[in-house]
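Secondary and tertiary structure notes
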Amino acid sequence: ITISDGKPVMLKNVMIGEVWLCSGQSNMEMPVKGFRNQPILGAEETILEGKNNNIRLFRVERTTALEPVKDVTAEWEASSPKGVRDFSAVGYGFAKILQQQLDVPVGIIQATWGGTPIQGWMSENNLKEFPESPLPAHRTVINKNHPEVLYNGMIHPLIGFAIKGVLWYQGETNRAEYALYERMMPSMVQHWRAQWGNEWAFYYVQLAPYKYPSYAVEAPYMREAQEKAGAQIPNSGMAVCMDAGDSLTIHPANKTAVSRRLAYLALGKTYGVEGISYENPSFKSMKLASDTVRIAFHNASNGLTSFGKELNGFEIAGDDQVFHPARAWITNDGVYTLCEQVKKPVAVRYAFRDYIITNLYNTDGLPVAPFRTDNWQPAGKK
């Protein structure tokens with residue numbers, strides 16, 4: 001590309017294609033090489049096959065700032081084994097699928113920091129909408145957990161750069177304030193889009209299964225809050241990964257499933273690729289037939305499957321609000337579930353626990369999202 005104001009300047013090695021921003025905390029930050037003693041499945045092959053001049057990587061360095069920063073020092077680099085090794089596994093996997101399917105150059109920007117709350121990724125003006133999460137009065141010393149400092153240092157410098165959409169994987173740090181998160185995530189997206197002046201796509205990942213400490217009960221409510229938050233965000237979609245967790249680590253190794261499901265959303269919703277299924281099945285309705293509950297689902301037009309395994313994850317409660325494991329089976333119109341201990345069912349829950357690896361999918365292989373039919377508060381909450 002030649003630019004001239006009387007004196008020509010030639011820019012070389014310029015690509016024209018699609019650009020996406022991936023952001024969030026550690027599960028988005030987790031590189032293809034993995035964390036210490038925490039690997040990524042298929043890392044060796046992914047790194048080995050990482051050379052691709054039509055994929056460009058841009059990694060924003062971890063930066064905190066009290067005031068909005070205008071620029072970053074990182075540079076674009078062509079995809080190579082060395083660059084891929086240290087890049088977001090989710091972000092790179094997404095970019096690789098998009099580049100193959102669209103056959104155009106794809107750029108992926110990584111702005112991530114593990115263990116950070118959503119408040120850090122929100123601007124000061126945005127946070128003023130949430131007085132229950134105030135800004136610190138004295139901020140001469142800051143760290144990654146402080147409100148707005150990641151937005152100022154890592155998101156604000158990117159404003160105005162033409163992106164097609166944002167990939168977001170964050171929420172573990174905010175589990176205990178899931179009700180607030182349900183309001184914060186849509187607000188953050190709205191403010192980011194306003195700064196860009198563009199309603200780009202927003203695709204995010206629901207928390208994967210993990211066995212949290214026994215006293216922690218927030219994870220299923222957080223997943224519910226994430227789904228409800230997404231319903232408030234235009235041009236958005238949620239990737240469900242209830243089949244890709246790990247009881248021993250909050251950083252599950254199967255990041256390929258995450259990348260693929262985000263790519264399905266982008267290809268189907270943003271790029272209009274026909275013939276692919278991209279929205280996970282979700283609860284539609286329940287009907288009682290004596291002691292059996294019949295459940296219907298959205299996004300399962302060709303039916304459901306467990307790929308030959310016995311269904312798990314269903315629980316039923318009566319008026320006493322005590323849930324018991326339930327037997328479940330697939331039918332032509334959804335799933336039927338039954339529990340001998342509950343003669344008069346009132347409520348059903350599916351995968352509504354911090355850790356459970358589910359096996360109920362639509363026939364395209366997308367897992368059913370966790371759900372509950374009740375609105376009962378967890379023990380100790382009001």
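Note that the structure is a prediction, hence the values are computed from the model and not measured.

**What about the environment of Lys70?**
- Here Lys70 is to be found in the loop between β4 (52–59) and β5 (77–79).
- For Lys70, a relative accessible area of 76% gives the class exposed.

**Looking at the sheet that holds strand β8 (residues 201–205)**
- The strand order across the open sheet formed by seven strands is β5-β4-β6-β3-β7-β8-β9, and the pairing between neighbours is mixed. Two strands close off the open sheet at either side, each with one partner strand: β5 and β9 (236–239). This sheet shows a mean twist of 25 degrees between the axes of neighbouring strands, independent of strand direction.
- Looking at chain direction, β8 and β9 are connected through four bridges and run parallel. Note on β9: the bridge partner recorded for Phe202 is Ser236.
- Contacting β3 (18–24), β7 (165–169) and β8, helix α7 (residues 178–196) crosses the sheet at an angle of about 145 degrees to β8.
- Each of β3, β7, β8 and β9 touches helix α9 (residues 255–270); the most contacted strand, β8, lies at about 155 degrees to it.

**Looking at empty space enclosed by the protein**
- If you walk through the whole model with that rule in mind, you get one cavity of 30 Å³ or more.
- If you trace the largest cavity, you find it lined by Met238, Ala239, Val240, Arg261, Tyr264, Leu265, Tyr278, Asn280 and Leu366.
- Within the residue set of the lining of the largest cavity, elements represented by two or more residues are β9 and α9.
- The element that contributes the greatest number of residues to the lining of the largest cavity is α9, accounting for three residues.
- Considering only residue class, the lining of the largest cavity consists of seven nonpolar, one polar and one charged.

**A few points about the sheet that holds strand β16 (residues 334–338)**
- Pairing is antiparallel in the open sheet, where four strands are placed in the order β10-β11-β16-β15. Each edge of the open sheet carries a strand with a single partner, namely β10 (282–289) and β15 (327–331). Across the sheet, the axes of successive neighbouring strands diverge by a mean angle of 25 degrees, strand direction being ignored.
- Relative to β16, strand β11 (residues 292–298) runs antiparallel, the two being bridged by four bridges. Residue pairing across strands places Arg294 opposite Tyr336, the latter belonging to β16.

**Quick word on α7**
- Between its first and last C-alpha atoms α7 spans 27 Å; for 19 residues at 1.5 Å apiece the expected length is 27 Å, and the two agree.
- Inspection of α7 places Tyr178, Leu180, Tyr181, Met184, Met185, Pro186, Ser187, Met188, Val189, Trp192, Arg193 and Trp196 among the buried residues, and these make up the whole buried set.
- Summarising the contacts, the buried residues of α7 are in contact with β3, α5 (124–127), α6 (149–155), β7, β8 and α8 (219–231).
- Backbone geometry just downstream of α7 places Gly197 in the positive-phi region, at approximately 70 degrees.

**Details of α9**
- With 16 residues, α9 should cover 22 Å at 1.5 Å per step; its first-to-last C-alpha distance of 22 Å lies within 8% of that length.
- Along α9, the residues classified as buried are Lys255, Ala257, Val258, Ser259, Arg261, Leu262, Ala263, Leu265, Ala266, Leu267 and Gly268.
- For α9, the N-terminal cap is Asn254; the gap from its side-chain oxygen to the backbone nitrogen of Thr256 is 3.5 Å.
- Among the residues trailing α9, Gly272 stands out with phi positive, at a value near 65 degrees.

**Examining the nonpolar core**
- With 68 residues, the main nonpolar core has Leu21, Trp168, Trp192, Phe202 and Phe314 as its most contacted residues.
- Ranked by residue count, the leading element in this core is α7, at nine residues.
- Leu21 has contacts with Ile109, Ala111, Ile155, Leu158, Ile163, Gly165, Val166, Leu167, Trp192 and Trp196, leaving out every residue within four places of it along the chain.
- Counting 36 residues, the second largest nonpolar core, distinct from the first, contains Ala43, Ala89, Cys241 and Leu267.

**Quick notes on a nonpolar patch on the surface**
- Residues Ile1, Ile3, Val9, Leu11, Val14 and Ile16 make up a contiguous nonpolar surface patch of about 570 Å² in total accessible area.
- In this structure, Ile16 sits in the loop between β2 (8–10) and β3.

**Some remarks on the packing of aromatic side chains**
- The full count for this structure, using the stated rule, is 19 aromatic pairs.
- Between Phe283 and Phe371, the ring centres sit 4.8 Å apart and the planes meet at 25 degrees, which makes this aromatic pair stacked. In this pair, Phe283 sits in strand β10 while Phe371 sits in strand β19 (residues 371–372), placing the two residues 88 residues apart along the sequence.
- Among the residues examined, Phe283 registers a relative accessible area of 24% and is labelled partly exposed.
- Since its relative accessible area comes to 6%, Phe371 is described here as buried.
- Counting every residue linked through ring pairs, the aromatic cluster contains Phe283, Phe297, Phe314, Tyr350 and Phe371.

**Some remarks on the pattern of salt bridges**
- Taken as a whole and assessed by the stated rule, the structure comprises 10 salt bridges.
- Across the pair Arg372 and Glu224 runs a salt bridge, and its minimum N-O distance is 2.8 Å. Here Arg372, found in strand β19, pairs with Glu224, found in helix α8; they are 148 residues apart in sequence, far enough to count as distant. Exposure class is identical for Arg372 and Glu224. Each is buried.
- Beyond isolated ion pairs, a larger network of salt bridges with shared partners links Glu224, Arg349, Arg372 and Asp374.

**What to know about the packing of α7 against α8**
- At a minimum axis distance of 8 Å, the contact between α7 and α8 shows a crossing angle of 25 degrees. Relative to α8, the element α7 lies roughly parallel. Two packed elements cross with a definite hand, and for α7 against α8 that hand is right-handed. The residues of α8 that touch α7, namely those facing Tyr178, Tyr181, Glu182, Met185 and Pro186, are Tyr221, Met222, Ala225, Gln226, Lys228, Ala229 and Gly230.

Calculation notes
- Residues numbered from 1 in each chain as written.
- Predicted model: local features only at pLDDT ≥ 70, side-chain atom pairs only at ≥ 80, totals over all residues.
- Heavy atoms only, no water.
- Helix = DSSP H or I, 4+ residues; strand = E, 2+ residues; numbered from the N terminus.
- Buried < 20%, exposed > 50% of the residue type's maximum accessible area, 1.4 Å probe, protein only.
- Pairing = 2+ DSSP bridges.
- Axes fitted to C-alpha atoms, helices over the stretch in contact; angles between N-to-C directions.
- Contact = heavy atoms within 4.5 Å.
- 1 Å grid on protein atoms, 1.4 Å probe; cavity = no way out; pocket = protein on both sides within 12 Å on 5 of 7 lines; lining within 4 Å.
- Points joined across faces, edges and corners; volume = space filled by probe spheres on them.
- Nonpolar A, V, L, I, M, F, W, Y, C, P; charged D, E, K, R; others polar.
- Expected span 1.5 Å × (residues − 1).
- Polar contact = N/O pair within 3.5 Å; in protein donor to acceptor, adjacent residues only side chain to side chain.
- Core = buried A, V, L, I, M, F, W, Y, C linked by side-chain atoms within 4.5 Å.
- Patch = residues over 30% accessible without salt bridge, like charges linked within 9 Å, V, L, I, M, F, W, Y side chains within 5 Å.
- Areas by Shrake-Rupley, 256 points an atom, 1.4 Å probe, with all protein chains shown as cover.
- Salt bridge = Lys/Arg side-chain N within 4 Å of Asp/Glu carboxyl O.
- Phe/Tyr/Trp six-rings, centres within 6.5 Å; stacked < 30°, edge-to-face > 60°.
- Parallel < 35°, antiparallel > 145°, perpendicular 65-115°, else oblique.
- Left-handed = near helix turned anticlockwise from the far one by under 90°.

Don't take any of this as a statement about function, it's just geometry.
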